[in-house]
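Summary of the model geometry
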Amino acid sequence: MVRHFLSLADQSPEELRALLEIARQVKLNPPAFASACRGQTLAMIFQKPSLRTRVSFEAGIFQLGGQGVYLGPKDIQLHRGESLRDTGRVLSRYCDGLMARVYAHQDILDLAASSTVPVINGLTDLLHPCQVLADLLTIQEKRGQLTGLKLAYVGDGNNMAHSLLYGGAQFGMTVSVVHPRGYAPNPEIVTNARQLAANSGGAVLITEDVEEGVVDADVVYTDVWASMGQEAEHRERVQHFAGYQVNAALMAMARPKALFMHCLPAHRGEEVAAEVIDGPASVVYDQAENRLHAQKAILIRLLGRKHL
Ligand code: CP
Ligand code: NVA
């Protein structure tokens, strides 16, 4: 059975803890892992743009002794009708792993079903597990623990909200999603997250009430109001999300030393005020850095030489 990294709900809490531990070690001593993926090739399919995911995966596989091959939307035959299944079957004959950023989550499931090498989810419309693994590493570094903390996600019930629900629930955190009417997270994801939380001692709260969601939060998280592919809805979303901006007044509802987090890219003056993202509570660049370390842990786990 080929192992993939498609969703934080697919992994056991022990597997996730082990990944965070590898990430911690990789970050402490990168040269110790310089041959972990020697000679291995990672194909990187991007149907959407990317700064962090692209560069951190490409630098990460290189630093582990392997190489990445960037395949943008116009570089391969998908836009001319070649199926993802055929793409996955063919790439499996050349490469040791595939990383893909696609629109429909079903596309990454199809890719994984056809691939004979590990597939890593580099973001779909539904989930963004690599980002949240890096976020969990960041929270652990800053707070020394995950279990028992409260993370309040304020904004669109999107791929980030979903993966934070899964990641937080796996680690016994309380995750609240605070959203405007009409932008709730996917009910199936919420049900799954509640099940994970029941097993871990965590909790899930979905609310439209900002104060209810943010009170006592150790971490306040937000993301863009219009995700990639929703550009045409940007103007109406800015209206619907008024009142859900993370600014100093909203941060004051959380715990006094609460962290501010954002997966980036950010839009200052929309989902977050500059005073917050550029202020002392913000750890957004540490999060971005931790993409590199967390993804190296994933690569070592899935592609790494057997003794690791
Ligand atoms: N956070 C994140 O995934 O950024 P990119 O879209 O730039 O990869
Ligand atoms: N929700 C955002 C996340 C970007 C990293 C998007 O999908 O565009």
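Residues numbered from 1 in each chain as written. Chains lettered and ligands numbered in written order. Predicted model: local features only at pLDDT ≥ 70, side-chain atom pairs only at ≥ 80, totals over all residues. Heavy atoms only, no water.

As a structural note, the neighbourhood of ligand 2 is formed by L123, H128, N158, N159, D223, V224, S227, M228 and L264. The separation between a nitrogen atom of ligand 2 and a polar side-chain atom of N159 is 2.8 Å. S227 places a side-chain nitrogen or oxygen 2.7 Å from a nitrogen atom of ligand 2. Considered on its own, ligand 2 offers 270 Å² of accessible surface; in the complex 95% of this is hidden by protein. (Near = heavy atom within 4 Å. Polar contact = N/O pair within 3.5 Å; in protein donor to acceptor, adjacent residues only side chain to side chain. Areas by Shrake-Rupley, 256 points an atom, 1.4 Å probe, with all protein chains shown as cover.)

Side chains that are three or four residues apart share a direction in an α-helix, a result of its 3.6 residues per turn. Between its first and last C-alpha atoms helix α7 (residues 187-200) spans 20 Å; for 14 residues at 1.5 Å apiece the expected length is 20 Å, and the two agree. Of the positions making up α7, those classed as buried are I189, V190, A193, L196 and A197. Here the buried residues of α7 occupy an arc of 125° about the axis, which is enough to place them on one side. Of the exposed residues in α7, the ones pointing more than 90 degrees away from its buried face are P187, E188, T191, A198 and N199. Those residues of α7 that are buried are in contact with α6 (159-170) and β7 (203-207). Capping the start of α7, N186 holds a side-chain oxygen 2.8 Å from the backbone nitrogen of E188, two or three residues further along. (Helix = DSSP H or I, 4+ residues; strand = E, 2+ residues; numbered from the N terminus. Expected span 1.5 Å × (residues − 1). Buried < 20%, exposed > 50% of the residue type's maximum accessible area, 1.4 Å probe, protein only. Arc of directions from axis to C-beta. Contact = heavy atoms within 4.5 Å.)

Within the open sheet, the five strands sit side by side as β7-β6-β5-β8-β9. Their pairing is parallel. In the strand order of this sheet, the two ends are held by β7 and β9 (259-262), each with one partner. For this sheet, the mean inter-axis angle between neighbouring strands, taken without regard to orientation, is 20°. For strand β8 (residues 219-222) and β9, the ladder comprises four bridges, and the chain directions are parallel. Opposite V220, over in β9, you have F260 as the bridge partner. Where helix α5 (residues 129-143) meets the sheet, its contacts fall on β5 (150-154), β8 and β9, and the angle it forms with β9 comes to roughly 165°. (Pairing = 2+ DSSP bridges. Axes fitted to C-alpha atoms, helices over the stretch in contact; angles between N-to-C directions.)

Here the focus is the sheet that holds strand β1 (residues 41-46). Taken together, four strands build an open sheet; the order of strands is β2-β1-β3-β4 and the sheet is parallel. Every other strand in the sheet has two partners, leaving β2 (67-71) and β4 (119-121) as the edge strands with one partner each. When the angles between neighbouring strand axes are averaged without regard to direction, this sheet yields 20°. Sheet analysis places β1 next to strand β3 (residues 97-101), joined by five bridges and oriented parallel. Following the sheet pairing, L42 is matched in β3 by G97. With respect to the sheet, helix α4 (residues 105-114) is in contact with β1, β3 and β4, its orientation differing from that of β4 by roughly 165°.

In the vicinity of ligand 1, the residues found are S50, L51, R52, T53, R101, H128, Q131, C263, L264 and R291. Side-chain polar atom of S50 to an oxygen atom of ligand 1: 2.6 Å apart, as the coordinates give it. At 2.9 Å, a backbone N or O of C263 approaches a nitrogen atom of ligand 1. Burial of ligand 1 by the surrounding chains reaches 95%, relative to a free accessible area of 260 Å².

Once that is clear, we can look at the packing of aromatic side chains. Taken as a whole and assessed by the stated rule, the structure comprises four aromatic pairs. Taking the centre distance of 6.2 Å and the plane angle of 35° together, the rings of Y153 and Y221 count as tilted. Separated by 68 residues along the polypeptide, Y153 in strand β5 and Y221 in strand β8 bring together distant segments of the chain. With respect to burial, Y153 and Y221 carry one shared label: buried. Ring geometry for W225 versus F241: centroids 5.4 Å apart, planes at 25°, classification stacked. Separated by 16 residues along the polypeptide, W225 in the loop between β8 and α9 (234-240) and F241 in the loop between α9 and α10 (248-251) bring together distant segments of the chain. (Phe/Tyr/Trp six-rings, centres within 6.5 Å; stacked < 30°, edge-to-face > 60°.)

What follows covers the pattern of salt bridges. Under the counting rule described, the total for this entry stands at 12 salt bridges. Across the pair E208 and R181 runs a salt bridge whose closest N-O atoms are separated by 2.8 Å. One end of the pair, E208, is in the loop between β7 and α8 (210-214); the other, R181, is in the loop between β6 (174-178) and α7, with 27 residues separating them in the sequence. Exposure remark for E208: the relative accessible area of 31% places this residue in the partly exposed category. Residue class for R181 comes out exposed when judged on its relative accessible area of 67%. Between D218 and R255 there is a salt bridge, and its shortest N-O distance comes to 3.2 Å. Residue D218 is found in the loop between α8 and β8, and its partner R255 is found in the loop between α10 and β9; the two are separated by 37 residues along the sequence. Owing to a relative accessible area of 38%, R255 belongs among the partly exposed residues under this scheme. Put simply, D156, E233 and R237 are held in one network by salt bridges that share partners. (Salt bridge = Lys/Arg side-chain N within 4 Å of Asp/Glu carboxyl O.)

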